[in-house]
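Listed here are the chains, written in short residue letters.
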Amino acid sequence: MEAVPPDPAARAAELRRLIAYHAERYFRDDAPEIPDADYDALVAELRAIEREHPELASPSSPTALVGAPPSPAFAEVRHAVPMMSLDNAFSLEELEAWGERLARLLAAAGGEGTGAPASPEQVRLVCEPKIDGLACSIRYEAGRLVQAATRGNGTVGEDVTANVRTVRDVPERLALPPEEVPAVLEVRGEIYIALADFEELNRRQAAAGERTFANPRNSAAGSLRQKDPKVTASRPLSFWGYQLGEVDGGVAGPGGTSLRTHLDCLELIRRAGLPVNPEIVAVTGLEQAYAACRAIEQRRHDLGYEVDGVVVKVDDLALRASLGSTSHAPRWAIAYKFPPEERTTLLEDILVSIGRTGRATPFAKLSPVVISGSTVSLATLHNEDQVRAKDVRPGDTVIVRKAGDVIPEVRGPVLSARPPGSVPWSFPRTCPACGAPLVRLAGESDTYCVNADCPAQRVQRIVHFASRPAMDVEGLGEQRVTQLVGLGMLRDAADLYDLEPGRLAGLEGFGEVSAANLIRALEASKARGLARLLVGLSVRHVGPVVASLLAASFDDLDQLRRAGEAELAAIDGVGPTIAASIVSFFALPANAELVERLRAAGVSLASDRPRGAPAQRQTLAGRSVVVTGTLERFSREEAEEAIAARGGKSPASVSAKTYALVVGADPGAAKLSRAAAAGVPVLDEEGFVHLLETGELA
Ligand code: IVH
């Protein structure tokens with residue numbers, strides 16, 4: 001939170017400078033530097049100062065203006081009916097506050113011919129997804145498209161007629177019967193790019209060595225505002241109509257036309273052959289409008305295009321006229337904005353975590369920021385190349401994105417906010433846990449701590465040993481393992497079976513009951529059998545699927561170890577790489593010794609399934625499960641193997657036939673949006689494990 005500014009005049013001036021700068025990036029360059037939510041927050045802060053200190057308000061303040069002046073690169077179009085902006089409500093409470101204002105205005109406006117309902121509960125409202133694209137006014141005269149313009153500053157926009165003619169959704173002629181064609185009809189709506197089209201466009205741009213776009217809104221705006229309509233024609237632009245401008249030389253509504261309500265207008269747009277969004281709903285009263293807003297919000301990721309809120313509009317056009325407008329926005333409508341999925345925050349530091357294989361993964365330590373309803377303070381940066389590509393540096397203000405339940409991601413720095421003298425981050429040369437050198441092999445993207453004795457690796461190996469797909473020791477997570485390794489009570493997995501309840505019970509965070517529970521869970525884990533034990537040992541390339549194949553081929557670990565590389569490689573689904581990895585694992589004396597200690601502790605080394613039995617229950621027989629992004633417990637290969645071993649398929653792309661989409665870190669947006677569009681259930685890693693086990697969507 002910002003501290004209370006000591007000098008409101010200075011802060012207002014600073015905010016105006018910032019807003020002007022970012023408005024230029026957004027409106028002029030179609031390349032914003034900060035998320036919309038951060039921009040909205042600057043405007044909201046300025047508005048609050050101007051409310052407190054009316055002497056600081058001015059008609060030229062960005063709070064009183066719409067959009068931005070048209071670019072001189074385009075001819076100017078003066079709008080016959082101004083294209084206004086909308087006031088925002090950033091929470092359901094603010095939406096309700098608008099509702100209360102509306103109810104008061106309605107009470108004051110009541111009377112014959114005003115369209116005012118007897119009571120605010122009876123007011124007809126229309127709720128529309130707020131499409132995140134750019135507004136466009138398309139003018140038809142005698143049924144033919146004659147002009148199209150952007151909003152510009154609301155009074156004067158940019159002439160984009162030739163470009164709009166290339167948009168497939170926009171007809172050259174209105175599809176109305178001749179007797180119904182108005183002399184003038186201005187259809188207003190949003191030019192946008194659907195998510196799947198956006199992905200495809202960025203792929204094409206990258207392949208051609210051209211600039212890629214940060215998000216669908218920028219790509220739509222950048223594609224429409226082109227000097228050469230041929231470029232626009234090559235871009236996948238779409239359109240939703242949601243408003244009328246000039247109609248027949250007048251304004252839709254009370255005066256000249258037969259249009260009485262907003263729904264009449266939408267129906268005319270639709271019949272004229274322009275698309276109208278199918279999610280639009282008409283409701284009665286504010287309570288129903290709030291419910292409709294929540295319903296659209298819940299579906300926002302299922303729509304296949306970006307929606308950043310819901311516009312609530314009074315339906316009756318006569319009532320609209322009597323409610324009127326402020327300098328920049330009508331009183332008869334409000335934009336309820338969804339909680340942001342992107343915010344900026346301070347990148348406090350870039351740290352490196354060490355995994356069980358020694359992989360060193362850089363991650364961002366962030367000043368906590370609330371995004372998509374949860375507080376984010378850490379985000380993975382994946383590897384050295386990713387940090388370099390994003391060029392994020394400690395001290396940077398960075399854009400963080402978290403869409404729904406997806407793992408948070410650092411998108412990049414806000415360069416204009418970079419502190420002077422900052423230098424690119426470089427990968428540490430030594431392991432933060434043990435001080436041994438970190439090694440990156442030529443041709444690989446990952447960096448490793450190669451010290452097998454590294455305490456961080458020990459912790460992660462033990463955590464993995466105890467994890468659900470392995471020995472499934474309940475109540476033994478990273479925190480407890482770190483504590484026990486730190487106290488010198490654990491060095492490897494075999495030490496777990498030497499833990500004594502008496503010693504545990506005295507430790508911080510343990511009581512007698514939790515100590516006894518842990519010992520009981522460890523005792524139970526001894527009988528898990530060969531497949532899970534193999535998973536728990538962290539043999540490279542041996543995940544749950546390969547482990548099951550091995551367990552179905554051998555009676556016990558001893559027999560497996562006696563098998564040579566060739567015999568292992570001959571097992572269906574194993575192959576030479578995995579075979580070599582298994583042989584070299586057991587060739588290491590430390591690993592052989594670990595196995596002996598586990599045996600001595602009473603851990604079963606025997607296969608728990610009959611020879612040649614199917615490795616897995618066929619929980620996914622005939623089903624397609626697509627995986628996107630990085631999972632924590634499975635490599636991509638392991639995840640696909642796990643699906644295949646259960647009778648399922650894992651195709652590369654999502655279709656209507658896909659049973660589920662499994663989403664890890666850094667997922668592909670195209671897969672997400674296709675899943676959304678096709679109504680395919682989306683699972684996180686927990687859900688995936690459950691699906692593998694049961695075949696059910698949790
Ligand atoms: S109505 C006077 N309806 O939001 C009312 N606007 O901040 C004019 N937008 O410039 C706008 N979806 O770019 C309206 N269903 C919708 C909308 C919508 C997106 C955009 C539009 C407008 C901005 C207002």
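Throughout this document, residue positions are counted from 1 along each chain, in the order its sequence is written. Confidence filtering applies because this is a predicted model: local features only for residues at pLDDT of at least 70, side-chain atom pairs given and counted only at 80 or more, and all residues used for totals across whole chains, interfaces and linings. Based on all heavy atoms of the structure, the side-chain values leave hydrogens and waters out of the count.

Novice: Any details on the overall build of the chain? Residues and values, ideally.
Specialist: In this description a helix means any DSSP run of H or I spanning at least four residues, a strand means any run of E spanning at least two, and both kinds are numbered starting from the N terminus. For the chain, the helix and strand inventory stands at 24 helices and 22 strands. In terms of overall dimensions, the chain has a C-alpha envelope of 95 × 60 × 55 Å along the principal axes. The burial tally for the chain puts 50% of its 698 residues in the buried class. The contact criterion used is simple: two residues touch if any of their non-hydrogen atoms lie within 4.5 Å. Counting only contacts in the chain whose residues sit at least 6 apart along the sequence, the fraction spanning at least 24 positions is 68%. A 1.4 Å probe and the Shrake-Rupley method give the accessible areas. Residues count as covered only by the protein chains that appear here. Counting every atom, the chain has about 31700 Å² of accessible surface; 52% of that belongs to carbon and sulfur. Counting rule for charge: Lys and Arg are taken as positive, Asp and Glu as negative, and neither His nor the chain ends is counted. We put the charge of a Lys on NZ, of an Arg on CZ, of an Asp on CG and of a Glu on CD. For the chain, the separation between the mean place of its 76 positive charges and that of its 93 negative charges on side chains is 3 Å. Think of it in three bands: residues with accessible area under 20% of the maximum for their type are buried, residues over 50% are exposed, and the middle band is partly exposed, with areas taken using a 1.4 Å probe on protein chains only.

Novice: Quick one: what's the story with the side chain of Ser 71, residue by residue and with numbers?
Specialist: Within the secondary structure, Ser 71 is located in the loop between helix H2 (36-52) and strand S1 (76-78). Given a relative accessible area of 13%, Ser 71 falls into the buried group. Identification of polar contacts relies on pairs of N or O atoms within 3.5 Å, with a donor-acceptor requirement for protein atoms, meaning one able to donate a hydrogen and the other able to accept it, and with residues adjacent in sequence counted only if both atoms are side-chain atoms. Within the local environment of Ser 71, its side chain forms a polar contact with the backbone nitrogen of Ala 73, the two atoms lying 3.0 Å apart. Apart from residues lying up to four places away in sequence, Ser 71 is in contact with Glu 158 and Arg 225.

Novice: Describe the site of the ligand, listing the residues and the values that go with them.
Specialist: In the neighbourhood of the ligand, 13 residues make up the surrounding shell, with Glu 128, Arg 151, Glu 190, Tyr 242 and Lys 313 lying closest. Contact between the ligand and Glu 128: a nitrogen atom at 2.7 Å from a side-chain N or O atom of the residue. One of the side-chain nitrogen or oxygen atoms of Glu 190 is found 2.7 Å away from an oxygen atom of the ligand. Taken by itself the ligand offers 520 Å² of open surface, and the protein chains cover 89% of this. For the shell around the ligand, the secondary-structure elements that each account for two or more residues are strand S3 (124-131) and strand S11 (307-314). If one sorts the elements of the shell around the ligand by residue count, S3 sits on top with 4 residues. Lys, Arg, Asp and Glu make up the charged group, whereas Ala, Val, Leu, Ile, Met, Phe, Trp, Tyr, Cys and Pro make up the nonpolar group; the residues left over, Gly among them, are polar. Taken together, the residues that form the shell around the ligand break down as 8 nonpolar, no polar and 5 charged. Any residue with a heavy atom lying within 4 Å of a molecule or strand is counted as near it.

Novice: How would you explain the confidence of the model for the chain if you had to name every residue and give the values?
Specialist: Counting all residues, the mean pLDDT for the chain is 91, and 96% of those residues have values of 70 or more. Across the chain, strand S5 (residues 144-150) holds the top mean pLDDT of 98, while strand S9 (residues 250-251) sits lowest at 66. The pLDDT score gives, residue by residue, the confidence of the prediction method on a 0 to 100 scale.

Novice: Before we move on, could you go through the pattern of salt bridges and cite the residues and values that matter?
Specialist: A side-chain nitrogen of Lys or Arg and a carboxyl oxygen of Asp or Glu constitute a salt bridge if their distance falls within 4 Å. Counted under the stated rule, the structure contains 47 salt bridges. Taken together, the salt bridges that share partners define one network made up of Arg 300, Glu 306, Glu 341, Glu 342, Arg 401, Glu 409 and Arg 411.

Novice: Describe the sheet that holds strand S22 (residues 682-683), naming the residues involved and giving the relevant values.
Specialist: Strand pairing in a sheet relies on backbone hydrogen bonds. The paired strands run either parallel or antiparallel. Strands sit in the order S20-S21-S22 across an open sheet of 3 strands; the sheet is parallel. Edge positions in the open sheet fall to strand S20 (625-628) and S22, since each of these has one partner strand only. One bridge is not enough; two strands pair if DSSP finds at least two bridges between them. By the bridge criterion, 2 bridges tie strand S21 (residues 660-663) to S22 in an arrangement that is parallel. Paired with Val 662 across the strands is Leu 683, a residue of S22. Inter-axis angles, ranging from 0 to 180 degrees, are taken between N-to-C directions of lines fitted to C-alpha atoms, where helices are fitted over the stretch in contact. Across the sheet, helix H23 (residues 669-678) lies against S20, S21 and S22, angled at about 145° from S21, the strand it touches most.

Novice: Describe the side chain of Arg 401, with residues and values.
Specialist: Its location among the elements puts Arg 401 in strand S16 (residues 397-401). A polar contact of 3.1 Å, which involves the side chain of Arg 401, links it to the side chain of Glu 342. Leaving out residues up to four positions away in the same chain, Arg 401 has contacts with Glu 306, Glu 341, Glu 342, Ile 407, Pro 408, Glu 409 and Arg 411.

Novice: Break down the pairing of S3 for me, with residues and values.
Specialist: Within a regular strand, side chains alternate between the sheet's two faces. For S3, the tally of buried residues reaches 6 of 8 residues, placing the bulk of the element in the interior. With 7 bridges joining them, S3 and S11 adopt antiparallel strand pairing. The partner of Pro 129 across the bridge, within S11, is Val 310.

Novice: Explain the sheet that holds strand S12 (residues 333-337) to me, and be specific about the residues and the numbers.
Specialist: In spatial order, the strands read S2-S12-S11-S3-S10; together these 5 strands make up an open sheet with mixed pairing. Among the strands making up the open sheet, the edge pair consists of strand S2 (88-89) and strand S10 (281-284). Direction of pairing for S3 relative to S10: antiparallel, over a ladder of 4 bridges. Among the inter-strand pairings, Arg 124 is bridged to a residue of S10, identified as Thr 284. The strands touched by helix H8 (residues 262-271) are S3, S10 and S11; relative to S3, the strand with the most contacts, the crossing angle is about 45°.

Novice: So, unusual backbone geometry: which residues are in play, and what are the values?
Specialist: Here the phi dihedral of His 382 falls at roughly 70°; this positive angle occurs in a residue that is not glycine. Positionally, His 382 belongs in the loop between strand S15 (374-380) and helix H11 (384-390). With a relative accessible area of 17%, His 382 lands in the buried category. With a phi angle near 45°, Asp 391 is a residue other than glycine that sits in the positive phi range. Tracing the backbone through its elements, the reader meets Asp 391 in the loop between H11 and S16. Classification of Asp 391 by relative accessible area gives partly exposed; the value is 24%.

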